Amino acid sequence: MVKNTFTYNAIRGNDMADNQKTEPRDIAQFLKQLKQSSDFKTIQLSIGDKQLSISYFKTLIDEKLLQSHVILPLQERALDLDFRQLEDLKTWIPIEDIEMTGQVESIQAKLLKGCAIAALDKEVCKYALIQLASIEGLRKNNDTENEFSVVGPKVGFVESIDTNIGLLRAQINIPTLVVKEILVGRTSKTRVAIIYIDGVTNKQNVQTVQQRMEQIDYDVIFDTSQLDQFISDNSLTPFPLFLSTERRDRVVYALITGQVAVVSDGSPYFITGPSTLFDFFLSPEDYYLPWILGSFFRMIRIFGVIFSLFATSMYIAITTFHYEVIPRDLLEPLIFSRRNVPFPPLLEVLFLEITIEFLREAGARLPTKIGQTLGIVGGIVIGQATVLAGLTSNILVIIVAFSALASFATPIYKMSNAIRFLRFPMIFASSIWGALGLFIGIGFLLVHLTRLTSLGMPYLVPIHPLRVRDLKDSFIRPSYQFSNKRPSYLRPESSVKYKPGKVKRKNDLDRE
């Protein structure tokens, strides 16, 4: 009970005194707050001359157990006039774990753990908590497949929207987690859930997402990725404006930071927003490792993306227009490696880049083990054969291989696709104007990024516009002592996530 209260206040980011305005003071206010969520249900039953109400989260309980062990036994005795008080449920319902209580804290803790709350219309101070949890059934065959991490939980989402919401509620155990469900698709009528934390997430972002969802006029919604394209601020960009993930911990982090999460029925992927460019280079592992290691790996990731984007275009610019920048010791090996190549650097690079893309696409479409074998063997065989045939140089094979490896360092697949695509405009620009063309391409890219927004928020924040305080969780991962505040550019209703405690060091005398 104490642990649940701590979690609630930690996520709200205020003291107990500051939460008195929004924290439920009685059961009625608490239940009214929970009714904001679409997955919170209330059933009214008439037993004799009394009205019995049963409230529960349908994503946290076993509804088959509710029907067979609670609803049916009560309906069979609907006309029984011997039902006088709430304790009679213990004799009528074949469930052993039924607790009678009137405390808000106890009801809050048990309701968010998979209990149903039953109340009589005339007994306002006493409630029955019926254990119907199905949390154990949520963790079945839902390991992450495309966002693997060595350290941390492996829990991913599945195609059932109720299971996915239950997984979130099992991790974020607070009554202010709100789920709004709407139907999207003229033919499919797909259930779509908009999820946020009341008192943390900016209401304007929630209203914007909900309004754009309601304006979607499409026949069938197959996956959440379609919703990403429908509600994006700009459709003429290769960059993803919403972060797409199958990991529960990434969605939980986005929610407690102040973002909005969206999921559709039939899709194992959530989208979260508003998102920035730096969000796509953050990995959950950064926060499971010491902050020094997490910062190092994050910078490696960012450097890998920059190298992957510009390595081959720089090779073309240097070998075509700017031989003078090559050191004398390196110039001779470069000339020696290209002496038998009949093609200009542009065709040489395009041949290898397109070959890499063929191998990548073939490996992704084939079964897992066959795809891995094809990628390894195909890369080695084709690379060696092209060099021996004089179609490419040894140095370019090394550069393209490193560039392909660096592109895999991006944690989010959609951003990796954008980087793969943008390499080709850079290649053509550098082949026409050399270094000047490369800088022109970089200029166009920066201008395009500065014009992008996600739910109205600048895509390059905190770089543009500059937010110095929020830079601490962009290029590096700060220590938990200095990351207790939410990003200001999200405009959260509560800016403090938690209060970092002071570390007390004890010496040998203190231990004695």
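This text follows the structure it describes.
Residues numbered from 1 in each chain as written. Predicted model: local features only at pLDDT ≥ 70, side-chain atom pairs only at ≥ 80, totals over all residues. Heavy atoms only, no water.

Draft legend 1. Representation of the overall build of the protein within the structure. In terms of helices and strands, the protein carries 18 helices and 12 strands. When the 512 residues of the protein are sorted by exposure, 50% land in the buried category. Across the protein, the fraction of contacts at a sequence separation of at least 24, relative to all contacts at a separation of at least 6, is 67%. Accessible area of the protein: about 26,200 Å², with a carbon and sulfur share of 60%. (Helix = DSSP H or I, 4+ residues; strand = E, 2+ residues; numbered from the N terminus. Buried < 20%, exposed > 50% of the residue type's maximum accessible area, 1.4 Å probe, protein only. Contact = heavy atoms within 4.5 Å. Areas by Shrake-Rupley, 256 points an atom, 1.4 Å probe, with all protein chains shown as cover.)

Draft legend 2. Seen up close, helix α5 (residues 104-111). In terms of burial, α5 is largely enclosed, as six of its eight residues are buried. Within the span of α5, buried status applies to Val-104, Ser-106, Ile-107, Gln-108, Ala-109 and Leu-111.

Draft legend 3. Inspection of the nonpolar core at higher detail. Residues Met-213, Phe-239, Met-415 and Tyr-459 are the most contacted members of the largest nonpolar core, which totals 40 residues. Looking at this core element by element, the count peaks at five residues for helix α16 (residues 413-433). Here this core gathers at least three residues from each of two domains, domain 2 (161-275) and domain 3 (289-457). The next biggest cluster of nonpolar side chains, apart from the first, holds 22 residues, and it includes Leu-52, Tyr-56, Ile-71 and Leu-120. (Core = buried A, V, L, I, M, F, W, Y, C linked by side-chain atoms within 4.5 Å. Domains from an automatic or database assignment.)

Draft legend 4. Geometry of the environment of Asn-340. Inspection of the secondary structure assignment puts Asn-340 in the loop between α12 (328-338) and α13 (345-365). A relative accessible area of 58% places Asn-340 in the exposed class. Residues Asn-340 and Thr-392, spaced 52 residues apart in sequence, show a C-alpha to C-alpha distance of 8.6 Å.

Draft legend 5. Representation of the pattern of salt bridges. Under the criterion given, the structure shown has 22 salt bridges. Close ionic contact of Lys-203 with Asp-198 constitutes a salt bridge, the shortest N to O distance being 2.7 Å. A relative accessible area of 29% places Lys-203 in the partly exposed class. Notably, a salt bridge pairs Arg-423 with Glu-357, separated by 3.5 Å at the nearest N-O pair. On the criterion of sequence distance, the pair formed by Arg-423 in helix α16 and Glu-357 in helix α13 is long-range, its members being 66 residues apart. Residue Arg-423 is classed as buried on the basis of its relative accessible area, which comes to 1%. (Salt bridge = Lys/Arg side-chain N within 4 Å of Asp/Glu carboxyl O.)

Draft legend 6. Highlighting the sheet that holds strand β9 (residues 260-264). Taken in spatial order, the five strands make up an open sheet running β6-β7-β9-β10-β8, and their pairing is antiparallel. Edge positions in the sheet fall to β6 (177-184) and β8 (243-245), since each has one partner strand and no second. This sheet shows a mean twist of 25° between the axes of neighbouring strands, independent of strand direction. Where strand β7 (residues 190-197) lies against β9, four bridges are found, and the strand directions are antiparallel. Directly across from Val-192, in β9, lies its bridge partner Ser-264. Helix-sheet contacts for helix α7 (residues 203-214) involve β6, β7 and β9, and the interaxial angle to β7 is about 175°. (Pairing = 2+ DSSP bridges. Axes fitted to C-alpha atoms, helices over the stretch in contact; angles between N-to-C directions.)

Draft legend 7. Region of interest: the side chain of Ser-416. Topologically, Ser-416 is positioned in helix α16. A relative accessible area of 6% means that Ser-416 is categorised as buried. Discounting residues that sit within four places of it in the chain, Ser-416 has contacts with Ser-407 and Thr-410.

Draft legend 8. Representation of the sheet that holds strand β2 (residues 50-57) within the structure. Read across the open sheet, the five strands follow the order β1-β2-β4-β5-β3; overall the sheet is antiparallel. The strands lining the two open edges of the sheet, one partner per strand, are β1 (40-47) and β3 (98-101). If you compare each strand with its neighbour and ignore which way they point, the axes differ by 25° on average. Relative to strand β5 (residues 127-131), strand β4 (residues 115-120) runs antiparallel, the two sharing four bridges. From the neighbouring strand, Ile-117 faces β5, where its bridge partner is Leu-129. Contacts between helix α3 (residues 63-76) and the sheet are confined to β1, β2 and β5, with β2 contributing the most and set at about 175° to the helix.

Draft legend 9. Quick look at the packing of aromatic side chains. Counted under the stated rule, the structure contains nine aromatic pairs. Taking the centre distance of 5.1 Å and the plane angle of 55° together, the rings of Tyr-218 and Phe-230 count as tilted. Of this pair, Tyr-218 sits in the loop between α7 and α8 (224-231) while Phe-230 is found in helix α8, placing the two residues 12 residues apart along the sequence. Residue class for Tyr-218 comes out partly exposed when judged on its relative accessible area of 32%. By the ring-pair criterion, three or more aromatic residues cluster together here, those being Phe-239, Phe-280 and Tyr-459. Lying over the aromatic face of Tyr-480, Arg-477 brings its terminal NZ or CZ to 4.6 Å of the ring centre. (Phe/Tyr/Trp six-rings, centres within 6.5 Å; stacked < 30°, edge-to-face > 60°. Lys NZ or Arg CZ within 6 Å of the ring centre and 35° of its normal.)

Draft legend 10. Main features of the environment of Ile-174. With respect to the helices and strands, the residue Ile-174 is situated in the loop between α6 (161-171) and β6. The spacing of Ile-174 and Leu-111 is 63 residues in sequence and 10.0 Å in space, taken between C-alpha atoms.

This is a description of form; function is not addressed.
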